[in-house]
Amino acid sequence: MADLTRGRLSVELSGRTEYGPGVVAELPAFVEQLGHARVFVVTDRGLRATGIVGRVEKILAGLEYAVHEDVGPNPSTAELDRGAARLRAFGDAVVLALGGGLALDAAKGISLLAGNPRAVAADADRLWDAAGGLPLIAVPTTAGTGAETNGFGVTEDVRACRKVYIGHPSVKPRIAVLDPELTLGLPAAVTAASGLDALVHGIESLSSRGSSPISAAYATQAISLVGRWLPVAFRDGSDLEARSQLMLGAHLAGHALTFSGLGLVHGIGHALTAHTGTPHGVALAAVLEEVMEFSAEAAASAYESTAWALRVPPGSAIGAVREISGALGIKRPLRELGVERDRIAVIAADAVADAVTKNAPRLAREAEVVSLLRSVY
């Protein structure tokens, strides 16, 4: 945790949250409250099959809107550039980000790029001082990423085989619309992957170098909610209470990571996804307990808080996390994720170079990450 005797603490508690079953029906009022009557919906290619896109279209029927569905499972910089071009053609509007975390991330990038016509997503690092993007409303349809809480996201530069961070304060969602009813139809595998992402957000936020009393408050409550309700939602996807509690926990975890940053689990996860296309939550699960063991001494106090939040005895945090992961059946050896043994060194180098890795409680050398990856191969 940050040493508050050696500097100042600055956090921005902004953004509005609308939470509750059925709250998505109030979208037109939210759009109008932002001073607009036109909506540009950004969503992923597979969401329409769930019926959610059609439901939102009916809700928006009284407004002028367009639906942009050109977002894949790992959105690329090229997809963001195409979306921005279409948004510029559509004109001034509220951007409605609808879907899982990657769709929300893509919407942020599209909004920002639309406000900067000469910019391209591959040069995202240069956009922190750019002009603002269009106002954004986020409607998550999974409970995990917390992408609705902040103005940054991750996209993939396919040619460079790397993850790119894109964001700006202007594209932090003005309103986060959390309707747990939208998650009732999620397959168990998606519930597991997105929920485990939320659990990791809480744990890494609590143990990161950027942790503070404010981020720790969010992270501890997030771990408590996700740890209790994720296995329940996984077993019974129709349990509205479990879905509601899990969505709230994921949202709190998103706030936590926004204030504190993440760590090595995400650094490795980003590298694995970039090289193999492995879903984000599955990539995190592959190394979660191993990274916790690697970091145990440096993160001892944070893991004690994790154990408390998970309602297990002191010193049992790693075992409790292993039990949750086991109940979800999500952990896979790297060879099953498409990792070739001779690519481990490259993946390790990319993980160490990832910006989030520098925030870990114990800084890892490439050789140490190689050893860790070989242990789960």
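Structure: above.
Anyway, here's the lowdown on the structure attached to this text. These numbers come from a predicted model, not from an experiment.

With that settled, consider the overall build of the protein. Of the regular secondary structure elements, the protein holds 13 helices and eight strands. What you see for the protein is a C-alpha radius of gyration of 20 Å, in line with the 21 Å of a compact globule of 377 residues. The principal-axis extent of the C-alpha atoms belonging to the protein is close to 55 × 45 × 45 Å. Of all 377 residues assigned to the protein, the portion counted as buried reaches 58%. Residue pairs at least 24 apart in sequence account for 79% of intrachain contacts in the protein once pairs closer than 6 positions are excluded. Taken as a whole, the protein presents about 15,000 Å² of accessible surface, with 53% of it coming from carbon and sulfur. Side chains of the protein carry 34 positive and 40 negative charges; the gap between the two charge centres is 2 Å.

Considering the arrangement of structural elements, one finds His 201 in helix H5 (residues 188–207). With sequence-adjacent residues up to four places away left out, His 201 is seen in contact with Gly 144, Thr 145, Ala 253, Leu 257, Leu 262 and His 266.

A few words now on the nonpolar core. Core analysis: the largest hydrophobic core is formed by 71 residues, its most contacted members being Ile 268, Val 287, Leu 334 and Leu 373. If sequence neighbours within four positions are ignored, Val 287 has contacts with Val 265, Ile 268, Lys 331, Leu 372, Leu 373 and Val 376. In terms of nonpolar packing, the next biggest core, distinct from the first, is built from 30 residues, Leu 80, Ala 106, Ala 114 and Ile 166 among them.

The next subject is the side chain of Asp 354. Mapping Asp 354 onto the fold places it in the loop between helix H12 (344–353) and helix H13 (366–375). One buried charged residue, Asp 354, forms no salt bridge at all, with the nearest opposite charge on Lys 358 at 7.3 Å. For Asp 354, the side chain forms a polar contact with the side chain of Tyr 165, separated by 2.6 Å.

With five of six residues buried, strand S6 (residues 152–157) lies mostly within the body of the structure. Pairing geometry for S6 and strand S7 (residues 162–167), over six bridges, is antiparallel. Bridge pairing in S7 places Val 154 opposite Tyr 165. A loop of four residues connects S6 with S7, the two strands running antiparallel in sequence, and Cys 161 in this loop sits at a positive phi of about 55 degrees.

Looking now at H13. One turn of the α-helix equals 3.6 residues, which is why residues spaced by three or four share an orientation. When H13 is considered as a whole, its buried residues turn out to be Glu 368, Val 369, Val 370, Leu 372 and Leu 373. In this structure, the buried side of H13 is in contact with helix H8 (264–276), helix H9 (280–294) and H12.

Attention now moves to the environment of Glu 79. Mapped onto the elements, Glu 79 comes out in helix H3 (residues 77–90). Owing to a relative accessible area of 10%, Glu 79 belongs among the buried residues under this scheme. For the pair formed by Glu 79 and Arg 118, sequence separation is 39 residues and the distance between their alpha carbons is 16 Å. Leave out the neighbours within four places in its chain, and Glu 79 touches Arg 45, Asp 70, Val 71, Gly 72 and Asn 74. Only 3.1 Å separates the side chain of Glu 79 from the backbone nitrogen of Ser 76, close enough to count as a polar contact.

This next bit is on the packing of helix H6 (residues 213–235) against helix H7 (residues 240–260). Running from amino to carboxyl end, H6 crosses H7 at an angle of 150 degrees, the nearest separation of the two axes being 7 Å. Considering their axes alone, H6 and H7 lie roughly antiparallel with respect to each other. In terms of crossing hand, the pair formed by H6 and H7 is left-handed. Residues that form the contact of H6 with H7 fall into these classes: 18 nonpolar, six polar and two charged.

The geometry of a pair of packed helices is captured by two quantities: the angle between their axes and the separation between those axes. Two numbers describe how H6 lies on helix H10 (residues 300–309): the axes approach to 8 Å, and their chain directions differ by 40 degrees. As far as their axial angle goes, H10 and H6 are oblique. You can see that H6 and H10 cross each other, and the crossing is right-handed. Residue-level contacts link Thr 220, Ile 223 and Ser 224 of H6 to Thr 306, Trp 308 and Ala 309 of H10. Residues that form the contact of H6 with H10 fall into these classes: three nonpolar, three polar and no charged.

Turning to the pattern of salt bridges, a few remarks are in order. Once their charged atoms are close, side chains differing in charge can pair, the charge on each being opposite to the other. Counted according to the given criterion, the structure contains 14 salt bridges. Two residues, Arg 48 and Glu 57, come together in a salt bridge whose shortest N-O distance is 3.1 Å. Residues joined by salt bridges that share partners form a network here, namely Arg 45, Asp 70, Glu 79 and Arg 82.

A few words on the environment of Pro 117. For Pro 117, the location among the structural elements is in the loop between helix H4 (101–114) and strand S5 (136–140). Residues Pro 117 and Asp 81, 36 residues apart in the sequence, show an inter-C-alpha distance of 9.9 Å.

This brings us to H8. For H8, built from 13 residues, the straight-helix expectation of 18 Å at 1.5 Å per residue is met to within 8% by its first-to-last C-alpha distance of 18 Å. Burial runs high along H8: eleven of the 13 residues are buried. Among all positions in H8, only Leu 264, Val 265, His 266, Gly 267, Ile 268, Gly 269, His 270, Ala 271, Leu 272, Thr 273 and Ala 274 are buried. Those residues of H8 that are buried lie in contact with S6, S7, H5, H9, H12 and H13. At the C-terminal side of H8, Gly 277 shows a positive phi close to 75 degrees.

So, how was this worked out
Residues numbered from 1 in each chain as written. Predicted model: local features only at pLDDT ≥ 70, side-chain atom pairs only at ≥ 80, totals over all residues. Heavy atoms only, no water. Helix = DSSP H or I, 4+ residues; strand = E, 2+ residues; numbered from the N terminus. Rg over C-alpha atoms; globule rule 2.2 N^0.38 Å. Buried < 20%, exposed > 50% of the residue type's maximum accessible area, 1.4 Å probe, protein only. Contact = heavy atoms within 4.5 Å. Areas by Shrake-Rupley, 256 points an atom, 1.4 Å probe, with all protein chains shown as cover. Lys, Arg positive; Asp, Glu negative; His and termini not counted. Charge placed at Lys NZ, Arg CZ, Asp CG, Glu CD. Core = buried A, V, L, I, M, F, W, Y, C linked by side-chain atoms within 4.5 Å. Salt bridge = Lys/Arg side-chain N within 4 Å of Asp/Glu carboxyl O. Polar contact = N/O pair within 3.5 Å; in protein donor to acceptor, adjacent residues only side chain to side chain. Pairing = 2+ DSSP bridges. Axes fitted to C-alpha atoms, helices over the stretch in contact; angles between N-to-C directions. Parallel < 35°, antiparallel > 145°, perpendicular 65-115°, else oblique. Left-handed = near helix turned anticlockwise from the far one by under 90°. Nonpolar A, V, L, I, M, F, W, Y, C, P; charged D, E, K, R; others polar. Expected span 1.5 Å × (residues − 1).

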